[in-house]
Amino acid sequence: MAENTKPRRELWILGVQPGEGREETLFSYLETGGYVCRLEQYSNLVTGRPLGIVLDVSPFSDDGWGVLLKIKSSPATRNIPVLPVFLSEKGKVGGVFPVAGFFTLPIDDQYLQSRLAVYGLTEDVETWDLQSMVVSRNGEEKLSKAVEAVGFEVIKGYTGKEALALASIHPVYVMFCSQMLSDMSAFELQERLRLVPYSSNTPLFALLKESMKDGEKQALSREIAHLTRKKQLTCDEFLGYLRRRD
């Protein structure tokens, strides 16, 4: 039997500056899970085409939020799955944020519809009356119309607390949330939804602004810092997030 010489696609770690050694724990965890991985730079992404990206978005990252925005803004790279993580200054894994995916604003209607179809979220819209929720400060009218065009009824929430209240009495099929609300981040909303009956598995897509100032990136990193553990996640806990995304 001929040897299979087809190269295995890799998981890339981005947002970590080479030479710091902060990627070592992630490397250990991923290799234990049977993944091929390496530390890389965004500039190599188009030609490299990894299986997925593990991205540090902590305050200690190498412009993690900027890298995420560049990945999701480019048609050449936006379909690559990204798993945001929080790495401490020493590289310990303090948190993992497995949102269903990311869309950049202003929304691209055709891209939104195609990605929802790929995720299998449009298969039942003609059979059942399904609701989606759009959570943002301004209602995101263009996004709401695009979601309605797919076949969903749209419910709007304007803060994280309002979204939680609505979800507790009116579960929805899918949710779209601005990455930063007035009272919490999309990551925190997802964490709190897990405690709401019937909403713990609701797919949540985070909405990214077209551009971010340095102060906004720093604020986002600080916002997620309080969602992290004081002690790092174990290898099994971390790999559990990857398995749930398969």
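Remember, it's a predicted structure, so these values are computed and weren't measured experimentally. (Residues numbered from 1 in each chain as written. Predicted model: local features only at pLDDT ≥ 70, side-chain atom pairs only at ≥ 80, totals over all residues. Heavy atoms only, no water.)

Asker: Looking at this structure, I do not really get the layout of surface pockets. What am I missing?
Answerer: By rolling a water-sized probe across the atoms, one finds the places where empty space is left. The calculated volume of the second largest pocket comes to roughly 280 Å³. Taken together, 15 residues form the lining of the second largest pocket, with R137, S178, Q179, M180 and K209 sitting closest to its centre. Among the elements of the structure, β10 (204-208) and α8 (214-225) are those that each provide at least two residues to the lining of the second largest pocket. The dominant element in the lining of the second largest pocket, judged by the number of residues it contributes, is α8, at 3 residues. Across the lining of the second largest pocket, the residue classes break down as 7 nonpolar, 4 polar and 4 charged. (1 Å grid on protein atoms, 1.4 Å probe; cavity = no way out; pocket = protein on both sides within 12 Å on 5 of 7 lines; lining within 4 Å. Points joined across faces, edges and corners; volume = space filled by probe spheres on them. Helix = DSSP H or I, 4+ residues; strand = E, 2+ residues; numbered from the N terminus. Nonpolar A, V, L, I, M, F, W, Y, C, P; charged D, E, K, R; others polar.)

Asker: I would appreciate a short explanation of helix α4 (residues 109-118) in the present structure.
Answerer: The α-helix winds at 3.6 residues per turn, so residues separated by three or four positions along the chain end up facing the same way. Residues of α4 that are buried: Y111, L112, R115 and L116. Angular distribution of buried residues about the axis of α4 spans 130°; they occupy a single face of the element. Those residues of α4 that are exposed and aimed more than 90 degrees away from the buried face are Q110 and V118. Buried residues belonging to α4 abut β6 (101-104), α5 (141-150), β9 (174-178) and β10. (Buried < 20%, exposed > 50% of the residue type's maximum accessible area, 1.4 Å probe, protein only. Arc of directions from axis to C-beta. Contact = heavy atoms within 4.5 Å.)

Asker: Can you walk me through the packing of aromatic side chains in this structure?
Answerer: Applying the stated criterion across every chain yields a total of 9 aromatic pairs. Both rings, one in Y29 and one in F238, keep their centres 5.8 Å apart while their planes meet at 40°; by these two values the pair is tilted. Remark: F238 occurs in helix α9 (residues 235-245) and Y29 occurs in helix α1 (residues 24-32); sequence separation between them is 209 residues. The exposure class of Y29 is buried, given its relative accessible area of 8%. (Phe/Tyr/Trp six-rings, centres within 6.5 Å; stacked < 30°, edge-to-face > 60°.)

Distances and angles like these do not, on their own, reveal function.
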